[in-house]
Structures are given as structure tokens and as C-alpha cells.
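Next come the chains, spelled out residue by residue.
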Amino acid sequence: MKILVTGAKGFIGKNLIAELKNREYNDIYECDIETTDEQLEEYTKECEFVFHLAGVNRPKDEEEFMKGNFGFTSTLLEKLKKHNNKAPILITSSIQAELDNPYGKSKKAGEDLMFKYEEETGAKAIVYRLPNVFGKWCRPNYNSAVATFCNNIANDLPITVNDPNVVMNLVYIDDVVEEFISALNGHENKEGKFCKIGIVHTIKLGDIVDLIYSFKNSRKDLSIANMNDEFAKKLYSTYLSYLPKDKFIYDLNMHIDNRGSFTEFLRTNGQGQVSVNISKPGIVKGNHWHHTKNEKFLVVSGKGKISFRKYGTDEVIDYYVSGEKLQVVDIPVGYTHSIENIGETDMVTVMWANEPFNPDVPDTYFMEV
């Protein structure tokens, strides 16, 4: 299928084209502000589906709203008519089309033009009224509060929140792209005259800001947001895309002594803690037991022996592990346990505990195996 995408270099267009190519739609006409009239003639003659995403959001002059959101739509439709091309057209409008402001009026005019074109030609018009869209590659300090907040917080820049109680309705770029590709295949989510994105996230502006700051602070407190929360998961992915190029990396606090080191990696709310333990040859660590705290040990490099003895008994149980065969060893409660490096190189062990370490309630009791 030959697909025309206007606004190809914009936020939605760039994401859509990337995913279309992932799905092996390779005949894509990419139309943007640099596209010549001759190229547009060719595109409108040959295309079999149109994603009309081009538009004006922040013009220098309010008159540019109508020129960009209505005028170019008119030009596009006239060229399709000229070539008698009745390809379906998906156009992105805005929920502001219901409002009495210059931007809303220009979007409403574009919608009306589309529906009139559908009546006159029989070509299918697919009109999506979008709320705020967020995700990677969205331009900050333009028309997206989420993009601006993510960019500024990630880059240590100030932000302004006029009213944290403002409720926002947001759609995520991947959900938008998924819906648009469904529409390409004739399965648009239509209600009445208009189409909409099925997954909408409703959240207060202040809560968005708090979440983004928690992402920034997670490098210090090692926390991970609740990834069962769809919005938090999508917002975190968005935030990471705005990290400056020299700040992808960050340090961890390594507790180093003559035995090796112990380093916390991640702390979660309800899913435990992950740490990395390095033991030098001949070193034994552990020799303690827990009431409720339980752990999993995974030796990823070197050779080790993990030993257990049940509280109140004499039997010692040994497990031999190495980075040559990755095996997880569960550490049951009520068993004192130790881990010994029996190799000739440093032994590296990834350790998971069912709860982050709390020095006030350590639930850790010394007892030699």
C-alpha cells in the first residue's frame, strides 16, 4: 500500500512512520514543510491512504492557524480531487475544535472540510479528535506540558505549574500509532462522526509533576515506579527520552571492604530489592538467618558454594554454583546460610530480597552455618 503522511517530521508523524516501517509498510510518501508542489502532485496521484497530520499549533500570528490547519487541508483535498484519487484520509483534529478560540476554529474548519469532501467524493474521512498526546520525540516548550516538564526536569531546568489541580486527559503516542494503523486496516474506533483513541489517561497536572520528579530522584533512592500503573510506565519511558546525552549513566553506592563489595541496584514498592555482591577468592559472606525476609541468589561470574543449616539442626546442605551455568538458589526463612567464593577469581552474585533493607527492622540474625 502506498501511504502519504503529511506532517512527516512532526511528533506524531515521526512515530507513525517509524512503526509503519517496523511493520514493513515501505511505500511511504513523507510530506513536510520542505516538500515541493511537484512532489505533492505525485504523492496525491499515487497514494492509496492518507495520514493527514500536518498542522499549526503555535504560530507567530493567529491568522496562521487557519492557513495551516484549514488552508493546507484544502490544498491537499483539491489535489486528490484533481487526480480523482478517493483514497481514505485520516486527519488529526483536536478536542479544542469544540472551543471558541483561533486554534479550535481552525481545527473545526478542517473537520468540516473533510466531511464535505467525503460527501462530494465518496472518499472515506476518518477524523480523530485528540486530547493531549505525550511520548518520545515530542517537542518541549511548544504545545505539550508533559514534554516541557520531562525535558526541563531531566535537564535541571525550572518549571512553572500555574494550577496543579488542573485535570488533564492524555493519550500515549504508542496507543495513538496503534489506533492509526488499525484505522489503516479498516478498524478505526469510531463514535458518531468522530474517532478516538481507546486508552485515555486522566490525571492532575500536579500528580504528573510529582511523578516526573520521582523519576529523577530514583537515581538516588534507587526506587522504581509502579510499572503495573500504565500511565506511570508510559510517563517514565517518556521521561527517559529527554535525558541529556551525557547523563544516561549514574553512579551507585558501592560498599567496599577487603572481602569485596556490596551494591544496591534497585528498590521497588512491593517487589523487593536487587543488589550486586562481589566476593574475593576464599571469602565467606552471610552466616545469618531471617524470620520473614527471603532472598534469591544468582551467581553470574566465578564459582561458589551456598550452604544452609536449618535453625535447631546440625545437617548442612551445600549447593555448588557458577557463572558457567546460571541457576537461582532460593534462600528459605529459618535457615542460616552463607555464600563462599571457591574459585580463583572474583565471584559476582545478583541478589534479590523480597523487601528493601530496613536498618530499623533488619530481620537478620547472626549464626554460623
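Chemist: Explain the nonpolar core to me, please; I cannot follow it from the model alone.
Modeler: Soluble globular proteins tend to bury their nonpolar side chains together. Within the largest apolar cluster, 51 residues are counted, with the highest numbers of intra-cluster contacts made by I12, L20, F51, Y128, F180 and I208. A per-element tally of this core places helix 6 (residues 173-184) first, with seven residues. Grouped together as the second largest cluster of nonpolar side chains are 20 residues, L4, Y117, A125 and V127 included.

Chemist: Would you mind showing me how to read the environment of V200 here?
Modeler: Within the secondary structure, V200 sits in the loop between strand 9 (194-195) and strand 10 (201-204). Expressed as a C-alpha distance, the spacing of V200 and D257, which sit 57 residues apart in the sequence, is 51 Å. Look past the residues within four positions of V200 in its chain and what remains in contact with it is N169, L170 and V171.

Chemist: In this structure, what is going on with the environment of Y117? I would like to understand it.
Modeler: Positionally, Y117 belongs in helix 4 (residues 102-121). The spacing of Y117 and L77 is 40 residues in sequence and 7.5 Å in space, taken between C-alpha atoms. Each residue touching Y117, except ones within four places of it in the same chain, is listed here: L77, L80, K81, N85, I89, G122 and A123.

Chemist: Looking at this structure, how should I read the pattern of salt bridges?
Modeler: Pairing is possible between side chains of opposite charge, provided their charged atoms come close. Taken as a whole, this structure holds 26 salt bridges when the rule is applied. D156 is paired through a salt bridge with K216; the nearest N and O atoms lie 2.4 Å apart. Residue D156 is located in the loop between helix 5 (145-154) and strand 7 (167-172), and its partner K216 is located in helix 7 (residues 205-221); the two are separated by 60 residues in the primary sequence. The class for D156 is partly exposed, based on a relative accessible area of 46%. The partner of K296 in a salt bridge is D330, and the shortest N-O contact between them spans 2.7 Å. Pair noted here: K296 is in strand 16 (residues 295-301) and D330 is in strand 19 (residues 328-331), with a separation of 34 residues, a long-range link. For K296, a relative accessible area of 32% gives the class partly exposed. Beyond isolated ion pairs, a larger network of salt bridges with shared partners links D37, E41, K79 and K82.

Criteria and thresholds
Residues numbered from 1 in each chain as written. Predicted model: local features only at pLDDT ≥ 70, side-chain atom pairs only at ≥ 80, totals over all residues. Heavy atoms only, no water. Core = buried A, V, L, I, M, F, W, Y, C linked by side-chain atoms within 4.5 Å. Buried < 20%, exposed > 50% of the residue type's maximum accessible area, 1.4 Å probe, protein only. Helix = DSSP H or I, 4+ residues; strand = E, 2+ residues; numbered from the N terminus. Contact = heavy atoms within 4.5 Å. Salt bridge = Lys/Arg side-chain N within 4 Å of Asp/Glu carboxyl O.

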